[in-house]
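Single-letter residue listing:
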Amino acid sequence: MSNQPITHTATTSQQPSNPWEWLETIGGFGIAVGRRSADVLYLLANAIAGIFTFRRGARRYLRLLTIQQIYFTAVQSLLLLAFVGVMLGILTMLPLYAFRVSDVGILSDIMNVVLFHQVAPLVTALVVIGRSGTAITAELGELQANQTIETLITQGIEPHQFLVLPRIVGVTFSLFVLTFWTNAAAVVGAAYFSQIYHEIPFQVFVATTLNGLQAVDLVAGLFLVFFFGITIALVHSSFGFRAYSQLDIARQLPRAFVVSASCCVLITVLVSVVLYG
C-alpha cells in the first residue's frame, strides 16, 4: 500500500465590497455634522433672543449667573494660565536659541506670529475647554437627567435662554481676559529667557514686541477669541442637553471635549490661512 498524502483544499468565498460604501459613510457623516450644526445654531439663536424677551427680574438673575461663570472661568484660571504663558514664551525661544537666532526684531516677529495669533489663544481655549467646558456639559447634563429642564419648561421658562446665554457671555468675556493674560505672561517668560541666553535687555525685548503689533494683529486676535468663546459655550451646552441619564453624562463629556477642541483648531487654521496664506 502506498501512502498518498491527503490534501484538503478550503475554498473561501469573499463577498465583494460595496463600491458605494465609502460614499454612504461620508454622506452619513455629513448629515450628522449638518444636524449637529443646525442644533448649535438654533441654540445660539434661541439664546440671543433671550436678550430681548427676559423681564427685568430675570435679567438680574442672568447677570448673577454670568458673573459666576466669569469667576469660575477667568478668575480661578489666572494662576494656571500665568504659568502656562511663561512656559509658552520660554518654549518659543528655546529653538531660536538652539539655531543661534539672536536678532531682537526676528524674535519679536516670531512672538507676534506664533504666540499671539496661534499658540497662546489656542492653548488658552483648550484650558477653558478642560475646566469650564466640561463643567458646563456636566452641569446641564445633570439638570437634564434630573428632569429640571422639563420643570423650567412647564413654568414657562425657556431653558436655552435661561441657562445658555449667561454661559456664552461669561465664557467669551473670560477668554478675552485670559488670552490677554496668557500673552502677557508669554512675553515676560520670553523676555527673561532672552535676557539670560541672548543677553537682550528685558525692556528692549518687551518694547520691540509691543511695537511690532499692528491693528490687523489685534483684530485677528479678537476675532479668534470671540469665536472660540461662542463655540466652546454652545458645543458644551448642546452636549449637556443630550444627556438624559447619569450614564449619558459620562458619555457626552469626552465627545464634547473632542468636538470643541477640534472646532477651535479649525478656526485657528482658517484665520491663519486668511492672514498668512
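A.B. asks: Mind laying out the packing of helix 4 (residues 104-145) against helix 7 (residues 202-211), listing which residues take part and the relevant values?
C.D. replies: Between helix 4 and helix 7, the shortest axis-to-axis distance is 9 Å and the interhelical angle comes to 55°. On the basis of the axis angle, helix 4 is oblique to helix 7. Here the hand of the crossing between helix 4 and helix 7 comes out right-handed. Counting all contacts with helix 4, which are made through Val104, Gly105, Leu107, Ser108, Met111, Asn112 and Phe116, the residues of helix 7 involved are Val204, Phe205, Thr208 and Thr209. Here the residues of the contact of helix 4 with helix 7 sort into six nonpolar, five polar and no charged.

A.B. asks: Just give me the short version of the packing of aromatic side chains, but keep the residues and values in it.
C.D. replies: Tallied over the full model, the rule gives five aromatic pairs. Look at Tyr192 and Phe202: their rings are 4.7 Å apart centre to centre, the planes differ by 40°, and that puts the pair in the tilted class. In this pair, Tyr192 is assigned in helix 6 (residues 159-198) and Phe202 in helix 7, connecting sequence segments 10 residues apart. Owing to a relative accessible area of 46%, Tyr192 belongs among the partly exposed residues under this scheme. Ring pairing ties together the aromatic residues Phe223, Phe226 and Phe227, which thus form one cluster. One residue, Arg131, lies across the ring of Phe72, its end atom 4.8 Å from the ring centre. Note that Arg242 overlies the ring of Phe239, its terminal NZ or CZ placed 4.9 Å from the centroid.

A.B. asks: I'd like to hear about the pattern of salt bridges, residue by residue, with values.
C.D. replies: Two side chains of opposite charge can pair, provided their charged atoms sit close to one another. Tallied over the full model, the rule gives two salt bridges. Of the charged contacts in the structure, one is a salt bridge between Arg167 and Glu139, with a shortest N-O distance of 3.0 Å. Placement of Arg167 in helix 6 and of Glu139 in helix 4 is noted, with a sequence separation of 28 residues between them. For Arg167, a relative accessible area of 6% gives the class buried. Residue class for Glu139 comes out partly exposed when judged on its relative accessible area of 41%. Where Arg251 meets Asp248, a salt bridge forms, and the shortest distance between an N and an O atom there is 3.7 Å. On the criterion of helical spacing, the pair formed by Arg251 and Asp248 is a turn pair, its members being three residues apart in helix 9 (residues 246-276). Residue Arg251 is classed as partly exposed on the basis of its relative accessible area, which comes to 42%.

Analysis parameters
Each chain carries its own residue numbering, running from 1 in the written order of its sequence. This being a predicted model, a pLDDT of at least 70 is required before a residue's local features are given, and a value of 80 or more before pairs of side-chain atoms are given or counted; all residues contribute to the totals for chains, interfaces and linings. Only heavy atoms go into the side-chain values, all of them from the structure, while hydrogens and water stay out. What counts as an axis is a line fitted to C-alpha atoms, over the stretch in contact for a helix, and the angles between N-to-C directions run from 0 to 180 degrees. What counts as a helix is a DSSP run of H or I of at least four residues, what counts as a strand is a run of E of at least two, and both are numbered from the N terminus. In this scheme, roughly parallel covers angles under 35 degrees and roughly antiparallel covers those over 145, while 65 to 115 is roughly perpendicular and the rest are oblique. The hand of a helix crossing depends on one turn: near helix anticlockwise from the far one by less than a right angle means left-handed, and clockwise means right-handed. Only heavy atoms enter the contact rule, under which two residues are in contact if any of them lie within 4.5 Å. Nonpolar residues are Ala, Val, Leu, Ile, Met, Phe, Trp, Tyr, Cys and Pro. Charged residues are Asp, Glu, Lys and Arg, and all others, Gly as well, are polar. Working definition: a ring pair exists when centres of Phe, Tyr or Trp rings (six-membered ring for Trp) sit within 6.5 Å. Plane angles under 30 degrees give stacked, over 60 give edge-to-face, the rest tilted. Only protein chains enter the calculation, and the probe is 1.4 Å; a residue is then buried if its accessible area is under 20% of its type maximum, exposed if over 50%, and partly exposed in between. Only Lys NZ and Arg CZ are tested; either one counts as a charge over a ring when it is within 6 Å of the ring centre and within 35 degrees of the ring normal. The salt bridge criterion pairs a side-chain nitrogen of Lys or Arg with a carboxyl oxygen of Asp or Glu, the two atoms within 4 Å.

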